[in-house]
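# Examining the three-dimensional arrangement
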Amino acid sequence: MKYAKYALIALSALTFAACNDVNEQEPQGGTLTAEQLQQTNEAIESRIEATFAGMFTMMGEPQNSLGQDRPDDYGFVMMALSNDLEASDAWIGDNGYNWFSVCGKWSSRNPNYANPYIRYIAPYKQIKIANDVIGSYEEGITDPTAMNRIAQAKACRAYDYMNLAPYFQFNYADHKDDPCVPLVTEKTLDAATNPRATVEEVYKQIIEDLDYACEVLKDYKPTNKNMISGAVAYGLRARANLNMEKWAEAAADAQKAIELSGAQPASIAEVSTPSFCNIEDHNWLWGYDMTVATQQIFPYATVCAWTCSFSGDSYSAAVACYVHINKLLYDQISDTDVRKGWWLNAEKTSPLLEGLNWDGTTGQDIVDLAIEDVKMEMDPYTNVKFGMYSGIGSTTNDNDFPFMRVEEMYLIKAEGLAKSGKEAEAKTVLSDFVKTYRDPSYDIEAQIAKRRLADEIWFQRRVELWGEGFGMQDIMRLKKPVVRFHSASDSSNPYPDAFRFNVAYGDPYTLLRFPQTETDNNSAIVNNEGGVIPQMDQNPDLRDGVTD
């Protein structure tokens, strides 16, 4: 069996990498001075172009971050899955093949474990590349090509810090002065004594970078959506403003992103079949463009190998590491909502399976199809949201991954309006989106009769953006508890025993720990501490306002 070599090390490799392997890495090190880099690039213009292109290609390709091929090491796409698995709404079975079990158990707070190390190093790798691009040019340069590259690099750098800040410190509004993560820019000379910047300082850098990107890129539409357009720059700033609780600004930026993109949400018909795997889809603003050559580096370190239930060469199907939705959230979705079909129900059926064919098996029978070394039976609540770019049962794991869809902008706009005192407008935006594109029977007044408007918007985010990396970030910014179960005696909820716990907002164990390599190499780092690893069935009375 092609997975046997992984089974032999499941109990160890799934939870940690050897300290020596981790400590050999240098998250913030190895940079040229700005002057050296500029001199080099003046002589070799092609170096800048290669550096610029590499800034995007590294975002979802197999990384080899620890000097070995690991199925859980593929940059920002892996981070998105990790962040969702640490939250409330997504889970993978607790078996010997689940390389993300540390996220389910929250043992990812160990500074010597590989998973949190990879999630820390990936943003700083891209920050280094972005800094190299920015530092390649004289400050204040007015050449349009240079300014475009600088703007995209700054937008990437802002994105990087937004993938770090919410996990190393609590929400912006209440913790502005608390330590967050180290800031590294093109002007940073000493990474060895670089203390944690405050949350406010980190977001100041994020906004400065995005202000520049929005201005320079506002009329820019790249030929490939793996690069950053003006719409994406505004979309990123909308996210940042949302995190900072600048509600009106978030709504305005989201609207600008919608206008600049010209994109329309995917229709009910378009999401009535497994999809979310093609960067060319009209509703995508930004994504990872996975090529056949890139996935061949290590096919198991790809989004397709983990989140797609239809790959013929994957962890998801071959060893039943399917990504499931939490029944608590699933039960809240209306039967008239097309998204209900994005997952199998308790009887293991979904209308999205109709018309599909896998190895001669069609429709609902695909659920119970078993092919040795290729596919195991699907469980209740398995996701069928993510389709297969190369066709059902393909062994080419070249699915693309969405970093930003226009649907998110409508939801940000609704939240920004609601929380800036414009609830009537917010309800119109939300209702129009859901009724037009997801559930024609949607009744917003009935929904907010049972939950607050703010929680209804969060519910819509949790369903619409499920599996795309927003789970834990939303919990942190909204100051919500992690609620995975209501009763340990509820046998209808198949959430794995070892992952079945709830965690209150503010629990210090929520914060990620800095990898040992960072604290070894940067003497100014003071690590997060406090709290204890969650225990099975803890805090059964916690509720989140959505799945109550």
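Since the structure is predicted, the reported quantities are computational estimates derived from the model, not experimental observations.

Looking only at helices and strands, the chain has 23 helices and eight strands in total. Against the globule reference of 24 Å for 548 residues, the chain gives a C-alpha radius of gyration of 22 Å, in line with a compact fold. C-alpha atoms of the chain, sized along the principal axes, occupy 65 × 55 × 45 Å. Taking as baseline every contact in the chain between residues at least 6 positions apart, the subset at least 24 positions apart corresponds to 73%. Of the side chains in the chain, 48 bear a positive and 79 a negative charge, and the two mean positions are spaced by 4 Å.

For the coordinates displayed, the defined rule picks out 26 aromatic pairs. On the numbers, 5.3 Å between centres and 75° between planes, the contact of Tyr-172 with Tyr-203 is edge-to-face. Placement of Tyr-172 in the loop between helix H10 (165–168) and strand E2 (179–182) and of Tyr-203 in helix H11 (residues 199–217) is noted, with a sequence separation of 31 residues between them. Note on Tyr-172: relative accessible area 9%, which makes it buried. Both rings, one in Tyr-330 and one in Tyr-381, keep their centres 5.3 Å apart while their planes meet at 70°; by these two values the pair is edge-to-face. You can see Tyr-330 sitting in helix H17 (residues 327–330) and its partner Tyr-381 sitting in the loop between strand E7 (361–362) and strand E8 (401–405), a full 51 residues away along the chain. Here Tyr-330 and Tyr-381 have matching classes, each one buried. Ring-pair connections join several aromatic residues into one group, and the members of that group are Phe-76, Tyr-159, Trp-286, Phe-401 and Phe-403. The ring of Trp-358 carries Lys-375 above its face, with NZ or CZ at 5.8 Å from the centroid.

Attention now moves to the packing of helix H12 (residues 230–243) against helix H13 (residues 247–261). Viewed as axis vectors pointing N to C, H12 and H13 meet at an angle of 160°, and their least axial separation amounts to 8 Å. Comparing the axis directions of H12 and H13 gives the class roughly antiparallel. Our pair here, H12 against H13, has a crossing hand that is left-handed. From H12, Gly-230, Ala-231, Tyr-234, Gly-235, Arg-237, Ala-238, Asn-241 and Leu-242 reach across to H13, where they touch Trp-247, Glu-249, Ala-250, Asp-253, Ala-254, Lys-256, Ala-257, Leu-260 and Ser-261. When the residues that make up the contact of H12 with H13 are grouped by side-chain class, the tally is nine nonpolar, four polar and four charged.

Moving on, we get to empty space enclosed by the protein. Scanning all chains against the criterion turns up 11 cavities of 30 Å³ or more. The calculated volume of the largest cavity comes to roughly 180 Å³. Around the largest cavity sit 16 residues that line it, and Tyr-159, Asn-163, Arg-239, Gly-469 and Gln-473 are the ones nearest its centre. At the level of secondary structure, the elements contributing two or more residues to the lining of the largest cavity comprise helix H6 (75–85), helix H9 (144–162), H12 and E8. Considering only residue class, the lining of the largest cavity consists of 10 nonpolar, four polar and two charged. Computed from the structure, the second largest cavity encloses a volume of approximately 110 Å³. Along the walls of the second largest cavity sit 13 residues, with Asp-84, Asp-89, Arg-462, Phe-470 and Gly-471 positioned nearest its centre.

Conventions and cut-offs
Residues numbered from 1 in each chain as written. Predicted model: local features only at pLDDT ≥ 70, side-chain atom pairs only at ≥ 80, totals over all residues. Heavy atoms only, no water. Helix = DSSP H or I, 4+ residues; strand = E, 2+ residues; numbered from the N terminus. Rg over C-alpha atoms; globule rule 2.2 N^0.38 Å. Contact = heavy atoms within 4.5 Å. Lys, Arg positive; Asp, Glu negative; His and termini not counted. Charge placed at Lys NZ, Arg CZ, Asp CG, Glu CD. Phe/Tyr/Trp six-rings, centres within 6.5 Å; stacked < 30°, edge-to-face > 60°. Buried < 20%, exposed > 50% of the residue type's maximum accessible area, 1.4 Å probe, protein only. Lys NZ or Arg CZ within 6 Å of the ring centre and 35° of its normal. Axes fitted to C-alpha atoms, helices over the stretch in contact; angles between N-to-C directions. Parallel < 35°, antiparallel > 145°, perpendicular 65-115°, else oblique. Left-handed = near helix turned anticlockwise from the far one by under 90°. Nonpolar A, V, L, I, M, F, W, Y, C, P; charged D, E, K, R; others polar. 1 Å grid on protein atoms, 1.4 Å probe; cavity = no way out; pocket = protein on both sides within 12 Å on 5 of 7 lines; lining within 4 Å. Points joined across faces, edges and corners; volume = space filled by probe spheres on them.

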